[in-house]
Amino acid sequence: MTKLRESKTNGDFHTNLNKFSVLSWTTTDVEEWLCSLNLSNFVDKFCNQNGIDGLTLLLMKEDDLRQAPLAIQRLVDVKKLWYHIRLLQCQEKNFYSPLSISTPYLHNDTNEQIQMLTSMKQQSFDNDNFKHNHSPLSPTHLLESNVHNMYSSCKIHSEQKPIFNTAKGEKRKLLVSFIYALISGIWTSFIMVVVHNRVPNVQKYPPLPDLFLDNIPHISWAFSVSEYIIVIMSVTFLLILIFHKYWNIILRRFFTLAGTIFFLRSITMLVTSLSVPGHHLDCTPLKYGTSIEIFTRCLQIFLFQGLSIQGVRSCGDYMFSGHTVVLTLLNHCITEYTTSDFYVVHLLSWFCNIFGMILILAAHEHYTIDVFIAFFLTSRLFLYYHSLANNAVLHSQSDKRLSIWFPMFSYFEKNVQCMVPNVFRVPWPLKSFHIHEDIIDERSSVKCDENNRNIHRQKQK
């Protein structure tokens, strides 16, 4: 006697189906399952000739029904069998992730089967909702797949696994990433002083031909507007950090990416000196001067982040555009680490990114290739970094390749075991104020209740 031997009717069989795992079915159970679906003509081919059990059903594909040794000829039989096999596969969510079920050919299905299909589709829909809570406009959303979601997402509204294997050392990692970005920023500022001193003479080396710059008139105020856009996006990103639960991971990744990109930028600036993109730029080569003068100039560029609205004017740093790097990195961080509820913010962020790049070109401060390479390199590096970080398989300690090729990434992300969920909370200064307000409201409500009791007693007297 098997587990399902006592199931005589179709309804009883599906009742017991919810109690016993398909994985434990024998060929006899598969035979009873086929008979309950009025498909007893396939019992011999399934059970007697091929010995198909529950595990085999869970591993089957539709092509297995069409090809030898089953080789079912009629389309209606193939579709009907595959539909019922798919129902079993979707029910076994502990065996693998639920499959998405489209509405197949329905024939002689009972109410129990239809209810089972509806509940599984609803369950699959709920699973998609609580996985990562990321916007479809986020950069890494473009790289997602079903397998990627299954292994990389932390659930938000259901059973939530911890985002860290261990929280030990996370603050130290944030400090290390900050020091890395600080060193890279100071080094880039120093290189900007060096390349300004060796910028080619505009009289001897005129601006290079550029399809965009040659056909767009120079707009003097455009570069300042692009920098104000950077300031606005920076404030937006700062607000996200304040209210995001996992702000330390976001800030650490921002420092790491910014430090890496600007270090690459310092190399490209140093090895190749391009002529100025416009005659309006006053880029006369300067003498190196004393060490104090170089240090003062370097400190000025670093403290004011190379912004012309702060009085910083540099030349020779053309390959590639630092302003485009900051615009693109801020845009990707804003869209990646906010929920889909901020859809308008995401659209505005992408608009500011693209419009800021156009303004940089309209100001004739960079060649078109500078802006294009800056956008492509920043966006690709952001996507590649997060794609690796969101892949839990790569964080296994047995895989040594990641630590060899990407030692800094391996150090920063080895404890993060899933995609960072976008969960917002009230920061601790506001939280204490919020709790204090609740206490005051509670006390005031108690006083009001006491006053109402006193008034009621006086009326009774």
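For the structure, see preceding data.
Described in the following lines is the structure provided in the data block. (Residues numbered from 1 in each chain as written. Predicted model: local features only at pLDDT ≥ 70, side-chain atom pairs only at ≥ 80, totals over all residues. Heavy atoms only, no water.)

**Quick notes on the overall build of the protein**
- When its secondary structure is counted, the protein shows 18 helices and 0 strands.
- Buried positions account for 43% of the 461 residues belonging to the protein.
- In the protein, once contacts between residues fewer than 6 apart in sequence are set aside, the share between residues at least 24 apart is 78%.
- Surface exposure of the protein reaches about 25,500 Å², of which carbon and sulfur atoms provide 61%. (Helix = DSSP H or I, 4+ residues; strand = E, 2+ residues; numbered from the N terminus. Buried < 20%, exposed > 50% of the residue type's maximum accessible area, 1.4 Å probe, protein only. Contact = heavy atoms within 4.5 Å. Areas by Shrake-Rupley, 256 points an atom, 1.4 Å probe, with all protein chains shown as cover.)

**As for the packing of aromatic side chains**
- Applying the stated criterion across every chain yields a total of 11 aromatic pairs.
- With a centroid separation of 6.3 Å and 20° between ring planes, the pair formed by phenylalanine 372 and phenylalanine 376 is classed as stacked. With phenylalanine 372 and phenylalanine 376 both in helix H15 (residues 368–389) and 4 residues apart, the pair spans about one turn of that helix.
- What makes phenylalanine 376 partly exposed here is its relative accessible area of 46%.
- Of the aromatic side chains, those joined through ring pairs into one cluster are Phe178, Phe237, Phe254 and Phe255. (Phe/Tyr/Trp six-rings, centres within 6.5 Å; stacked < 30°, edge-to-face > 60°.)

**Quick word on the layout of surface pockets**
- Considered as a void within the structure, the largest pocket measures approximately 1,200 Å³ in volume.
- Lining the largest pocket we find 45 residues, and of these Phe262, Phe302, Gln305, Gly306 and Val326 sit closest to its centre.
- Elements with a minimum of two residues in the lining of the largest pocket: helix H9 (170–197), helix H10 (222–243), helix H11 (247–271), helix H12 (291–303) and helix H13 (322–336). (1 Å grid on protein atoms, 1.4 Å probe; cavity = no way out; pocket = protein on both sides within 12 Å on 5 of 7 lines; lining within 4 Å. Points joined across faces, edges and corners; volume = space filled by probe spheres on them.)

**Details of the side chain of serine 177**
- For serine 177, the position within the fold is in helix H9.
- When residues no more than four places from it in sequence are discounted, the contact partners of serine 177 are Arg252, Phe255, Thr256 and Phe412.

**Some details on the pattern of salt bridges**
- Enumeration according to the criterion identifies 9 salt bridges in this entry.
- The shortest N-O distance in the salt bridge between aspartate 77 and arginine 74 comes to 3.0 Å.
- On the accessibility criterion, aspartate 77 (10% relative accessible area) is buried.
- Between arginine 253 and glutamate 413 there is a salt bridge, with the nearest N and O atoms lying 2.9 Å from each other. Taken as a pair, arginine 253 in helix H11 and glutamate 413 in helix H17 (residues 407–413) lie far apart in primary sequence, 160 residues in all.
- Each of Glu170, Lys173, Arg252, Arg253 and Glu413 takes part in salt bridges that share partners, so that together they form one network. (Salt bridge = Lys/Arg side-chain N within 4 Å of Asp/Glu carboxyl O.)

**Considering the state of the cysteines**
- Evaluation of the coordinates by the stated rule reveals 0 disulfides.
- Cysteine 35 takes part in no disulfide bond, and the closest cysteine sulfur to it belongs to cysteine 47, at a distance of 8.2 Å.
- Among the residues examined, cysteine 35 registers a relative accessible area of 39% and is labelled partly exposed. (Disulfide = S-S within 2.5 Å.)

**A closer look at the packing of H10 against H13**
- Contact pair H10 / H13: the axes reach a minimum separation of 10 Å and the direction vectors enclose 30°. Here H10 lies roughly parallel to H13, going by the angle between them. Here H10 runs over H13; the crossing is left-handed. Residues Phe223, Glu227, Ile229, Ile230, Met233, Ser234, Thr236, Phe237 and Ile240 of H10 pack against His323, Val326, Leu327, Leu330, Asn331, Cys333 and Ile334 of H13.
- Taken together, the residues that form the contact of H10 with H13 break down as 11 nonpolar, 4 polar and 1 charged. (Axes fitted to C-alpha atoms, helices over the stretch in contact; angles between N-to-C directions. Parallel < 35°, antiparallel > 145°, perpendicular 65-115°, else oblique. Left-handed = near helix turned anticlockwise from the far one by under 90°. Nonpolar A, V, L, I, M, F, W, Y, C, P; charged D, E, K, R; others polar.)

**A few points about the nonpolar core**
- Phe237, Phe254 and Leu329 are the most contacted members of the largest nonpolar core, which totals 39 residues.
- For this core, the secondary structure elements donating two or more residues are H9, H10, H11, H13, helix H14 (343–362), H15 and H17.
- Here this core gets 8 residues from one element, more than from any other, and that element is H10.
- If we ignore the near neighbours within four places in the chain, the residues touching leucine 329 are Phe254, Leu257, Ala258, Thr378 and Phe382.
- If you look at the next biggest cluster of nonpolar residues, it comprises 23 residues, including Val22, Leu34, Leu37 and Phe46. (Core = buried A, V, L, I, M, F, W, Y, C linked by side-chain atoms within 4.5 Å.)

**Thoughts on the environment of isoleucine 242**
- Inspection of the secondary structure puts isoleucine 242 in helix H10.
- Considering only alpha carbons, one finds isoleucine 242 and arginine 425, 183 residues apart in sequence, at a separation of 8.8 Å.
- The contact partners of isoleucine 242, leaving out residues within four places of it in the chain, are Arg425 and Pro427.

**Thoughts on H15**
- End to end, H15 covers 32 Å across 22 residues, agreeing with the expected 32 Å (1.5 Å per residue, within 8%).
- Within H15, burial applies to Asp370, Val371, Ala374, Thr378, Ser379, Phe382, Leu383, Tyr385, His386 and Ala389. (Expected span 1.5 Å × (residues − 1).)

**A word on a nonpolar patch on the surface**
- A grouping of Val231, Val235, Leu238, Leu239, Ile242, Phe243, Phe342, Val345 and Phe424 is seen on the molecular surface, where their side chains present a nonpolar patch of about 690 Å² in accessible area.
- A total of 6 residues in the nonpolar patch trace back to one element, the largest contributor, which is H10.
- When you line up the elements, valine 231 lands in helix H10.
- For valine 231, a relative accessible area of 36% corresponds to the partly exposed category. (Patch = residues over 30% accessible without salt bridge, like charges linked within 9 Å, V, L, I, M, F, W, Y side chains within 5 Å.)

**Focus: unusual backbone geometry**
- Each neighbour pair has its own omega, and for alanine 68 with proline 69 the value is 10°, a cis peptide bond.
- Among the secondary structure elements, proline 69 is positioned in the loop between helix H5 (62–66) and helix H6 (75–91).
- Here the residue pair methionine 319 and phenylalanine 320 is connected by a cis peptide bond, since its omega of 15° sits within 30 degrees of zero.
- Counting through the fold element by element, phenylalanine 320 comes out in the loop between H12 and H13.
- Even without glycine at this site, alanine 71 takes up a positive phi of about 50°.
- Looking at alanine 71, the relative accessible area reads 25%, which means it is partly exposed.

That's the geometry; what it means functionally is another story.
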